[in-house]
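Working through the structure, step by step
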Amino acid sequence: MANKIPRVPVREQDPNIRKSNFEEVCYGYNAEEAMLEATRCLSCKKPKCVAACPVSVNIPQFILEVAKGNFEEAARVIAADSSLPAVCGRVCPQESQCEGDCIVGVKSEPVAIGKLERFVGDYANEHQLNLASTAPANGFKVAIIGSGPAGLACATDLAKLGYEVKIFEALHKPGGVLEYGIPEFRLPKEKVVKAEIENVRRLGVTIETDVVIGRTVTIDELLDEEGYHAIFVGSGAGLPKFMSIPGENLNGVVSANEFLTRTNLMKAYDESYDTPIYVGSRVVVVGGGNVAMDAARTAARLGAIVTVVYRRSKAELPARVEEVHHAEEEGIIFQLLSNPTEIVGDEKGWVKGVKCIRMELGEPDSSGRRRPVEVPNSEFEVETDVVIMSLGTSPNPLISSTTPGLNLNKWQCIIADEEGKTTREGVFAGGDAVTGAATVILAMGAGRTAAKSIDKYIKAKHS
Ligand code: FAD
Ligand code: SF4
C-alpha cells in the first residue's frame, strides 16, 4: 500500500550553523525524494485537500505528475490556479489547510503537499518554464494597487483573460510582505520572490514601483483621467499596532514591521549596505505570530539573545508550528503566559528592561480562544536593550481617505462583499486590506475572486 511509506523527511540547515546566517533553513526535496513522497498520495476521487486550499489547486493531479517524474506537467497543473507555487510551498500554513485535511493524515502523517508544491515551483523557476497562456487583448485596462500576493494573483488572472493590467506599488521593489516582511532565511528573494514575479510579468503585466496611490495619483484620477475601467485595491495591512503602555517611546522600541523592513527590503543584515539596525545584546519580542517568530529569529541572527513574550500558552501561539519549532531549535527563549506592563528606560532614554505580569487562561473570548487573565502580584522584569512590538497590523488609511465613497469597517479595513466589490463603483478590493493581517494564500484567493468579479463588471458595463 502506497500510504504505508512514511513521510519523506526534508533536509534542513543545522540549527547551530543557520542561527548565525541568513541562508534558507529548509533545503526542500530533490527529484528522487519528491517522486517517493508523491507515491504516498491516494489520488482521492473527492480530494479533501483541494477543498481546503483557498485557491483550489488540483493537488492530486499535480502530485500524480510528480510521481511519474513529469515535473513540467505538474507545474502546468499548478499554474492553472496559482502564480506563486514556490512561495506558497514555503510559507502557507499547510497543517491547517490542505495537509490538515489530507486523508492519509488520518492514520499516518499527511502527504507533504507543501514541500511537493515547493519542489515543482522551484523546478519551473530553475528551468524558466513558460507556463502562461493569455487570451487576445480585449481592449480594457485594470489598475492594481499593491504588488503583494493579492495584487499579483488578481493581475495574473486578469492578464490571462486579455486585460491590460498595470500594478502600482508604493515601495521600490514589488512583492509586498513577500519582499519586505518575510525573511530571506524563509523565503529567498532573488531565487523565489523575484522569479515568481517575473512569471507574472511574462503574462504582460506591467509593474510600476515608487507610486503611492492617494499621493502620487488618486483612484479618481486613474478612473477618470487615465482611462482605467476598474481598480483592484490590494494594499495590505502595513500599519503596526502598539500596546499603549508606559515607555513605548523610548529609544530601542520598534515595530516588527520596521525591524523586518530594514533587514529584508533594505538589507541591513548585509554588510555591503549602509542601512542602520540596532539589536544590542538582548532583545524582547512581544507577540506570538509568524511576524514575531520572524523578528525573533532575525534578531538572533544579528547576534542578540532573544526572548519572545506572549500572553497565552504554547498551544495558542498563532505562528505556524514549523516556525515555532525552528525558533526553539535556534535558541529563542519563550516567556509564555506573560504580558508586558511597562518598558523601563535608563537616564539617557534607552530601553533597559520590560516589566511583565504573569497570565493564566480564563473563559473563551469572542475569538473562541481562552482569554488571558492577569495573575495578581506576579510582576517580574526582563532585562533587554531592544523591544520589538509584534502585535498585529491594520490597513493604512491613505487610500480610503483619498477615495470618496470607499467605506471602511470599525477595524479600518475596506468593506468588500464576497465577490470583492467595495462600496465604490468600479473599485474592488481583497487581501489584508479587507480582512486585516491574514495569510498569503487567503490574499491570493481574494485576488482571484476579485479578478472574476472585475471581468463580470467590465463585460456587463461595456456590452
Ligand atoms: P501585502 O503583502 O501587504 O502587499 C500590499 C502591497 O501594497 C505592499 O507592497 C504595499 O507597499 C503596497 N501598498 C500599500 N499602500 C499602497 C499605496 N497607497 N499605493 C501603492 N501601493 C501600496 N502569511 C502566510 O501565509 N505565511 C507566513 O509564513 C507568513 N509570514 C508572515 C511574516 C511577516 C513578517 C508578515 C508581515 C506577514 C506574514 N504573513 C504570512 C502574512 C502575509 O504575508 C500577508 O497576509 C499577505 O502578504 C497579504 O497580502 P496582500 O497582497 O493583501 O498585502
Ligand atoms: Fe492525495 Fe491527501 Fe489529497 Fe487524497 S487528500 S488526493 S491523499 S493529498
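Parameters and conventions
Residues numbered from 1 in each chain as written. Chains lettered and ligands numbered in written order. Predicted model: local features only at pLDDT ≥ 70, side-chain atom pairs only at ≥ 80, totals over all residues. Helix = DSSP H or I, 4+ residues; strand = E, 2+ residues; numbered from the N terminus. Rg over C-alpha atoms; globule rule 2.2 N^0.38 Å. Buried ≥ 20, exposed ≤ 12 C-beta atoms within 10 Å, placed from the backbone. Contact = placed C-beta atoms within 7 Å. Near = placed C-beta within 6 Å. Pairing = 2+ DSSP bridges. Axes fitted to C-alpha atoms, helices over the stretch in contact; angles between N-to-C directions. Domains from an automatic or database assignment. Nonpolar A, V, L, I, M, F, W, Y, C, P; charged D, E, K, R; others polar. Arc of directions from axis to C-beta. Parallel < 35°, antiparallel > 145°, perpendicular 65-115°, else oblique. Core = buried A, V, L, I, M, F, W, Y, C linked by C-beta atoms within 7 Å. Left-handed = near helix turned anticlockwise from the far one by under 90°.

Overview of the overall build of the protein chain
- Looking only at helices and strands, one finds 17 helices and 17 strands in the protein chain.
- For a compact globule of 463 residues, the expected C-alpha radius of gyration is about 23 Å, and the protein chain comes in at 23 Å, within 12% of that figure.
- Across its three principal axes, the protein chain shows a C-alpha extent of roughly 70 × 60 × 50 Å.
- Evaluated residue by residue, the protein chain yields a buried proportion of 48% over its 463 residues.
- Intrachain contacts of the protein chain at a sequence separation of at least 6 include 69% that bridge at least 24 residues.

Looking at the site of ligand 2
- Looking at ligand 2, there are 14 residues lining it, with Cys41, Cys44, Cys49, Pro60 and Cys102 nearest.
- At the level of elements, helix 3 (48-51) and helix 4 (59-67) are the ones that each hand at least two residues to the shell around ligand 2.

Digging into the site of ligand 1
- Near ligand 1 lie 43 residues; those nearest to it are Gly146, Gly148, Gly176, Gly236 and Gly431.
- The set of elements that each furnish at least two residues to the shell around ligand 1 consists of helix 8 (149-160), helix 13 (290-301), helix 15 (398-401), helix 16 (432-435) and helix 17 (440-461).

Some points on the sheet that holds strand 4 (residues 164-168)
- Ordered by their spatial adjacency, five strands build an open sheet running 5-4-3-6-17, and the pairing between neighbours is parallel. A strand with exactly one partner marks an edge of an open sheet, and here the two such strands are strand 5 (206-208) and strand 17 (427-429). With strand direction ignored, the average angle separating the axes of adjacent strands in the sheet is 20°.
- Relative to strand 6 (residues 230-233), strand 3 (residues 141-145) runs parallel, the two sharing four bridges. Bridging from a neighbouring strand, alanine 143 pairs with isoleucine 231 of strand 6.
- Sheet strands in contact with helix 17 are strand 3, strand 6 and strand 17, and its direction is about 165° off that of strand 6.

Some remarks on the sheet that holds strand 9 (residues 282-286)
- Taken together, five strands build an open sheet; the order of strands is 8-15-9-10-11 and the sheet is parallel. Sheet topology places strand 8 (253-255) and strand 11 (333-335) at the edges, where each strand pairs with a single neighbour. Here the strands of the sheet are splayed against their neighbours by 25° on average, with no regard to which way each runs.
- On the sheet, helix 13 packs against strand 9, strand 10 (305-309) and strand 15 (386-389) and is oriented at approximately 165° with respect to strand 10.

Examining the domain arrangement of the protein chain
- For the protein chain, the domain assignment lists domain 1 (2-126), domain 2 (141-238 + 394-461) and domain 3 (242-389).
- At the interface, eight residues of domain 1 touch nine residues of domain 3.
- Within the side of domain 1 that touches domain 3, the residues separate by chemical class into four nonpolar, two polar and two charged.

Some remarks on helix 14 (residues 321-329)
- Within helix 14, burial applies to Glu323, Val324, His326 and Ala327. For helix 14, the angular spread of buried residues about the axis comes to 165°, placing them on one side. Seen from the buried face of helix 14, the exposed residues on the opposite side, beyond 90 degrees, are Val321 and His325.
- In the stretch just after helix 14, glycine 331 is the one whose phi turns positive, near 90°.

Re the packing of helix 4 against helix 5 (residues 71-79)
- Put simply, helix 4 and helix 5 touch, their axes get as near as 7 Å, and they point 170° apart. What the angle tells us is that helix 4 and helix 5 run roughly antiparallel. Side by side, helix 4 and helix 5 meet where Gln61, Phe62, Glu65 and Val66 of the first sit next to Phe71, Glu73, Ala74, Val77 and Ile78 of the second.
- Broken down by class, the residue content of the contact of helix 4 with helix 5 amounts to six nonpolar, one polar and two charged.

Focus on the nonpolar core
- In this structure, Val142, Ile231, Phe232, Ala296 and Ile388 are the most contacted members of the largest nonpolar core, which totals 126 residues.
- When sequence neighbours within four positions are dropped, the list of residues in contact with phenylalanine 232 reads Val142, Ile144, Ile145, Gly151, Cys154, Phe428, Ala429, Ala450 and Ile454.

Considering the packing of helix 2 (residues 31-38) against helix 4
- Between helix 2 and helix 4, whose axes approach to 8 Å, the crossing angle comes to 125°. Considering the angle they form, helix 2 stands oblique to helix 4. Between helix 2 and helix 4 lies a crossing of left-handed hand. Along the contact surface, helix 2 presents Ala34, Met35 and Ala38, while helix 4 presents Ile63, Val66 and Ala67.

So, the environment of glycine 280
- When you line up the elements, glycine 280 lands in the loop between helix 12 (256-263) and strand 9.
- Note on glycine 280: 17 C-beta atoms within 10 Å, which makes it partly exposed.
- Between the alpha carbons of glycine 280 and valine 387 there is a distance of 10 Å; along the sequence they are 107 residues apart.
- Residues within four places of glycine 280 in sequence aside, it is in contact with Ala304, Asp385 and Val386.

Side note on the environment of phenylalanine 242
- With respect to the element layout, phenylalanine 242 can be found in the loop between strand 7 (239-240) and strand 8.
- A tally of 12 C-beta atoms within 10 Å means that phenylalanine 242 is categorised as exposed.
- On a C-alpha basis, the gap between phenylalanine 242 and arginine 186 in space is 26 Å, while along the polypeptide they are 56 residues apart.
- Once residues lying within four places of it in the same chain are set aside, the contact partners of phenylalanine 242 are Glu248, Met389 and Leu391.

With respect to the environment of alanine 34
- Locating alanine 34 in the fold gives a position in helix 2.
- With 25 C-beta atoms packed within 10 Å, alanine 34 lands in the buried category.
- Remark: the alpha-carbon pair of alanine 34 and phenylalanine 119, spanning 85 residues in sequence, is separated by 7.1 Å.
- Those residues in contact with alanine 34, other than ones at most four positions away along the chain, are Tyr29, Val66, Leu116 and Phe119.

A closer look at helix 2
- All of the buried residues along helix 2 are Ala34, Glu37 and Ala38. Looking straight down helix 2, one finds that the buried residues subtend no more than 100° of arc, so they occupy a single side.
- Lining the buried residues of helix 2 we find helix 4 and helix 7 (113-126).

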